[in-house]
Amino acid sequence: MASYSLFCMGNPLLDMQVTDGGAYLEKYSLNANDAILADPAKHGAIYDEVKAGKVTYVAGGASQNAARGAAYILPPESVVYTGCVGDDDLAEQLKAANEREGLDQVYQVKAGEKTGACAVIITGHHRSLVTDLRVAEKFDQSHLSSPVVAPLIEAAKFYYVEGYFLTHGTFAINLSAPFIPQFFKSQLQQILPHCDIVIGNEAEAEAWASANGLPDPKDLPAVAKSIALLPKTNPSRPRWVIFTQGAQSTVVVTSDVSDPQVFKVNPLADSEIIDTNGAGDAFAGGFLGALVAGKSLEESVEVGHTLGAMCVKQVGPTYKWPKVKVL
């Protein structure tokens, strides 16, 4: 059995992506640049409606996107991913996308269930994500202790998830969407003491700050510092907090350094950008892949920028093919 350096876990989804989606935003009362969980009564029809139009299917799910990004830049058998899928065509499309990028998976497969899906509504350079988790939210913790998965967790050195789970090694979490810190504050409070790396974007940082009563939610360095200095179960390893801002600078605060670090992003011309779906996940994948490869914090941020820039030039959370050397 292969020994993987990076173990990732999350909600595997198939993105159903449409462009020029203004009519969908209006019909389903969606914001242009947002990520929400579908309300069956309000959004249930959007998936069939999207399928009936000009749709592009892309492998999705925040952690799975990042895992494929890390696998893209690392040698084979460096990254493995788990989550729960059904025994359907959507799951087979996910497996094919993972194989292309060199990502191995150990899915929990539930017979008769539907794999999760995400309607991705593109308007200009904005994306609105409407997620129906389906079987993804039926993941059984017992899968982690199964004979196939348990040795992979034990052997890994880095761990990356979308929202929960505790283990050893360097543990990274992505805030994933503004509604996570807004409505799942208590769950975050339980896991943050175990997190070595916290990644998010400016909207997620602002949501966390508002939910926790910070005086200026838009002061990203201050928000990052407040998270970096939260209590930590393993004080021997400093906590890193990384906030991206799209084409604007990335803010990094570490618990062992008082001053924030700001990393400039080289903006692309509008004509170079196809869409921004998955750009943050691509950054996370590049950042984690570089860490696994032994790069410094500063070098890893720059690799994250490189993979994020590559992603926005593609359709959805995908990468240039044939592969280009990033590390």
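Quantities reported herein were computed from a predicted structural model and do not represent experimental measurements. (Residues numbered from 1 in each chain as written. Predicted model: local features only at pLDDT ≥ 70, side-chain atom pairs only at ≥ 80, totals over all residues. Heavy atoms only, no water.)

Undergrad: Residue-level account of the overall build of the chain, with values.
TA: Helix and strand content of the chain: 12 helices and 16 strands. Taking 327 residues into account, the globule formula puts the C-alpha radius of gyration at 20 Å, and the chain, at 18 Å, falls close to it. Overall, the C-alpha framework of the chain stretches about 55 × 45 × 40 Å when taken along its three principal axes. The buried share of the chain, taken over its 327 residues, is 53%. Put simply, the chain has 25 plus and 36 minus side-chain charges, and the middle of one group is 2 Å from the middle of the other. (Helix = DSSP H or I, 4+ residues; strand = E, 2+ residues; numbered from the N terminus. Rg over C-alpha atoms; globule rule 2.2 N^0.38 Å. Buried < 20%, exposed > 50% of the residue type's maximum accessible area, 1.4 Å probe, protein only. Lys, Arg positive; Asp, Glu negative; His and termini not counted. Charge placed at Lys NZ, Arg CZ, Asp CG, Glu CD.)

Undergrad: Can you tell me about the pattern of salt bridges, naming the residues and giving the values?
TA: For the structure shown, the criterion picks out 11 salt bridges. Where Asp196 meets Arg237, a salt bridge forms, and the shortest distance between an N and an O atom there is 3.4 Å. Linking Asp196 in the loop between helix H8 (185–191) and strand S13 (197–201) with Arg237 in the loop between helix H10 (220–228) and strand S14 (240–245), this pair joins segments that are 41 residues apart in sequence. A residue is classified by how much of its surface remains accessible, and Arg237, at 28% relative accessible area, is partly exposed. (Salt bridge = Lys/Arg side-chain N within 4 Å of Asp/Glu carboxyl O.)

Undergrad: Can you lay out the side chain of Asp15 for me, pointing to particular residues and giving the numbers?
TA: Within the fold, Asp15 resides in strand S2 (residues 13–18). Notably, Asp15 is buried but unbridged: the nearest opposite-charge side chain belongs to Arg68, and the N-O separation is 6.9 Å. Within the structure, the side chain of Asp15 is placed 3.2 Å from the side chain of Asn277, a separation counted as a polar contact. Beyond its immediate stretch of four places on either side in the chain, Asp15 contacts Thr56, Tyr57, Val58, Ala59, Gly60, Gly61, Cys118, Val120, Asn277 and Pro317. (Polar contact = N/O pair within 3.5 Å; in protein donor to acceptor, adjacent residues only side chain to side chain. Contact = heavy atoms within 4.5 Å.)

Undergrad: Pulling in residues and values, what's your account of the packing of helix H9 (residues 202–211) against H10?
TA: At a closest axis distance of 10 Å, the pairing of H9 and H10 adopts a crossing angle of 65°. The crossing of H9 and H10 is left-handed. Every residue of H10 that contacts H9 at Glu202, Ala205, Trp208 and Ala209 is listed here: Leu220, Val223, Ser226 and Ile227. A per-class count over the contact of H9 with H10 returns 6 nonpolar, 1 polar and 1 charged. (Axes fitted to C-alpha atoms, helices over the stretch in contact; angles between N-to-C directions. Left-handed = near helix turned anticlockwise from the far one by under 90°. Nonpolar A, V, L, I, M, F, W, Y, C, P; charged D, E, K, R; others polar.)

Undergrad: Explain the environment of Glu99 residue by residue, including any values.
TA: Its location among the elements puts Glu99 in helix H5 (residues 89–101). The spacing of Glu99 and Thr115 is 16 residues in sequence and 18 Å in space, taken between C-alpha atoms.

Undergrad: So, the packing of aromatic side chains: which residues are in play, and what are the values?
TA: Summed over the entire model, instances satisfying the criterion amount to 6 aromatic pairs. Aromatic side chains Phe7 and Tyr159 sit 6.5 Å apart centroid to centroid with 55° between the ring planes, which places their arrangement in the tilted category. Note that Phe7 is positioned in strand S1 (residues 6–9) and Tyr159 in strand S11 (residues 158–161), a separation of 152 residues in sequence. Tyr159 matches Phe7 in its accessibility class, with the two residues each being buried. Here Phe283 and Phe287 contribute two aromatic rings whose centre-to-centre distance is 6.0 Å and whose plane-to-plane angle is 15°, an arrangement assigned as stacked. Of this pair, Phe283 and Phe287 are both found in helix H11 (residues 279–292), 4 residues apart, which corresponds to roughly one turn of the helix. Aromatic rings pair up to connect Trp240, Phe283 and Phe287 into one cluster. Sitting over the ring of Tyr47, Arg134 keeps its end group 5.5 Å from the ring centre. (Phe/Tyr/Trp six-rings, centres within 6.5 Å; stacked < 30°, edge-to-face > 60°. Lys NZ or Arg CZ within 6 Å of the ring centre and 35° of its normal.)

Undergrad: Could you give me a rundown of the side chain of Gln108, with the residues and numbers involved?
TA: By the secondary structure assignment, Gln108 is in strand S8 (residues 108–110). Beyond its immediate chain neighbours, meaning those up to four positions away, Gln108 contacts Thr82, Gly83, Cys84, Val85, Lys138, Phe139, Asp140 and His143.

Undergrad: A description of a nonpolar patch on the surface should follow, citing residues and the corresponding values.
TA: A cluster of nonpolar residues, Leu37, Phe183 and Phe184, forms a patch on the protein surface that exposes about 300 Å² of accessible area. Counting through the fold element by element, Phe184 comes out in the loop between helix H7 (179–183) and H8. (Patch = residues over 30% accessible without salt bridge, like charges linked within 9 Å, V, L, I, M, F, W, Y side chains within 5 Å. Areas by Shrake-Rupley, 256 points an atom, 1.4 Å probe, with all protein chains shown as cover.)

Undergrad: Lay out the environment of His126 with the relevant residues and their values.
TA: In this structure, His126 sits in strand S10 (residues 126–132). Note on His126: relative accessible area 40%, which makes it partly exposed. Sequence spacing of His126 and Gly286 is 160 residues, and the spatial spacing of their C-alpha atoms is 22 Å.

Undergrad: Tell me about the sheet that holds strand S7 (residues 104–105), and please be specific about residues and values.
TA: Working definition: the strands of a sheet are paired by backbone hydrogen bonds and lie parallel or antiparallel to each other. The sheet built from 9 strands is open, its strands ordered S7-S5-S1-S11-S12-S13-S14-S15-S16 with mixed pairing. One side of each edge strand has no neighbouring strand; the edge strands of this open sheet are S7 and strand S16 (261–263). As judged from the 5 bridges shared by S13 and S14, these two strands associate in the parallel manner. When the bridges of S14 are listed, Gly200 appears paired with Phe243. Each of S14, strand S15 (248–254) and S16 touches helix H12 (residues 297–312); the most contacted strand, S16, lies at about 30° to it. (Pairing = 2+ DSSP bridges.)

Undergrad: For the nonpolar core, give the residues involved together with the corresponding values.
TA: Of all hydrophobic cores here, the largest spans 47 residues; its most connected members are Phe7, Leu188, Val198 and Phe243. Apart from residues lying up to four places away in sequence, Phe7 is in contact with Val80, Thr82, Leu144, Val149, Leu152, Ile153, Ala156, Phe158, Tyr159 and Tyr160. Counting residues in each nonpolar core, the second largest holds 44 residues, with Leu14, Ala70, Leu288 and Met310 among its members. (Core = buried A, V, L, I, M, F, W, Y, C linked by side-chain atoms within 4.5 Å.)

Everything listed here is a matter of coordinates, which is why it stays silent on function.
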